[in-house]
Amino acid sequence: PDKPLDHPWESCITMGNSWSYVPGDHYKSADQIVSLLVKIVSRGGNLLMNIGPGPDGDWDPVAYDRLKQIGDWIQINGEGIYNSTSVAPYSEGNVYYTKADKGNTVYAFVLADKDEVNLPGQLQFHLTGMGKAKKVSLLGVNRKLKWSNGTDDVAVNIPAELQSKNGLLHAAVFKIQY
């Protein structure tokens, strides 16, 4: 949905193209799955990911590879997914927002076009009614960022070395504390 629903909801999506086992099934990339997860959670939903087991009860090796990639991403960025709620404006272009269930922290997910995240020289996060940000950081990156508060936004300057070939996969997650 464009905005959160007024009741709990879930998207049931297959990792491949089928709900059951199909030899040689085409699996979604880790990038596509993370993107789906972020979009669904930013609207207050839950993602149920189906993987059809083969005749021997095991998954295709590709499914294990995708789960490893997603798990690696969640290890770094999961705090913006777990125990989060939706927060307006929910999304702007390829940026999606969640809010920590407790405290005043917003997460801005910048989705990758294809696997690796490329960031512009500056990002603006338009978060009305949140007040002034106290701290902005990029999950998985141990480097201070320069940022400034606007009237209803936070502008973050991205250093040249973090704009490309930065090691960030699928989605970069900015943690904005108020």
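Residues numbered from 1 in each chain as written. Predicted model: local features only at pLDDT ≥ 70, side-chain atom pairs only at ≥ 80, totals over all residues. Heavy atoms only, no water.

Caption draft 1: Region of interest: helix H2 (residues 61-77). In this model H2 runs 24 Å from its N-terminal to its C-terminal C-alpha over 17 residues, within 8% of the 24 Å that 1.5 Å per residue would give. Looking at H2, one finds that the buried residues are Ala 63, Arg 66, Ile 70, Trp 73, Ile 74 and Asn 77. Take H2 and look down its axis: the buried residues cluster within an arc of 100°, on one side only. When the buried face of H2 is taken as reference, the exposed residues oriented beyond 90 degrees from it are Pro 61 and Gln 75. Close packing links the buried residues of H2 with helix H1 (30-42), strand S6 (105-116) and strand S11 (169-177). For H2, the N-terminal capping position is held by Asp 60, with its side-chain oxygen 2.8 Å away from the main-chain nitrogen of Val 62. (Helix = DSSP H or I, 4+ residues; strand = E, 2+ residues; numbered from the N terminus. Expected span 1.5 Å × (residues − 1). Buried < 20%, exposed > 50% of the residue type's maximum accessible area, 1.4 Å probe, protein only. Arc of directions from axis to C-beta. Contact = heavy atoms within 4.5 Å. Polar contact = N/O pair within 3.5 Å; in protein donor to acceptor, adjacent residues only side chain to side chain.)

Caption draft 2: Looking closely at the nonpolar core. Residues Leu 119, Phe 125, Leu 138, Phe 174 and Ile 176 are the most contacted members of the largest nonpolar core, which totals 27 residues. Every element with two or more residues in this core is listed here: strand S5 (95-100), S6, strand S7 (122-126), strand S8 (135-138), strand S10 (153-157) and S11. At 4 residues, the largest contribution of residues to this core is made by S6. (Core = buried A, V, L, I, M, F, W, Y, C linked by side-chain atoms within 4.5 Å.)

Caption draft 3: Geometry of the sheet that holds S7. With antiparallel pairing, 3 strands are arranged side by side in an open sheet as S7-S10-S9. Each of the sheet's edge strands pairs with one partner strand only, and the pair in question is S7 and strand S9 (146-149). Pairs of neighbouring strands in the sheet enclose a mean axial angle of 15°, with direction left out of account. Of the pairings in the sheet, the one linking S9 to S10 comprises 4 bridges and is antiparallel in character. Its bridge partner being in S10, Ser 148 is matched across the sheet by Ala 155. (Pairing = 2+ DSSP bridges. Axes fitted to C-alpha atoms, helices over the stretch in contact; angles between N-to-C directions.)

Caption draft 4: Representation of the pattern of salt bridges in the model. Enumeration over the complete set of coordinates arrives at 4 salt bridges. Measuring nitrogen to oxygen at the nearest pair gives 2.9 Å for the salt bridge that ties Lys 68 to Asp 72. With a gap of 4 residues between them, Lys 68 and Asp 72 both fall in helix H2, about one helical turn apart. With relative accessibility at 39%, the residue Asp 72 sits in the partly exposed group. Ionic pairing is found between Glu 161 and Arg 143, a salt bridge with its closest N-O pair at 2.2 Å. Of the two residues, Glu 161 sits in helix H3 (residues 160-163) while Arg 143 sits in the loop between S8 and S9, which places them 18 residues apart along the sequence. Judged by relative accessible area, Glu 161 falls into the partly exposed class, the value being 44%. Residue classification places Arg 143 among the partly exposed residues on the basis of a relative accessible area of 39%. (Salt bridge = Lys/Arg side-chain N within 4 Å of Asp/Glu carboxyl O.)

Caption draft 5: Up close: a nonpolar patch on the surface. Together, Trp 59, Tyr 64 and Leu 67 make up an exposed nonpolar region whose accessible area comes to about 260 Å². By secondary structure assignment, the location of Trp 59 is in the loop between strand S2 (46-50) and H2. (Patch = residues over 30% accessible without salt bridge, like charges linked within 9 Å, V, L, I, M, F, W, Y side chains within 5 Å. Areas by Shrake-Rupley, 256 points an atom, 1.4 Å probe, with all protein chains shown as cover.)

Just geometry here; none of it tells us what the structure is for.
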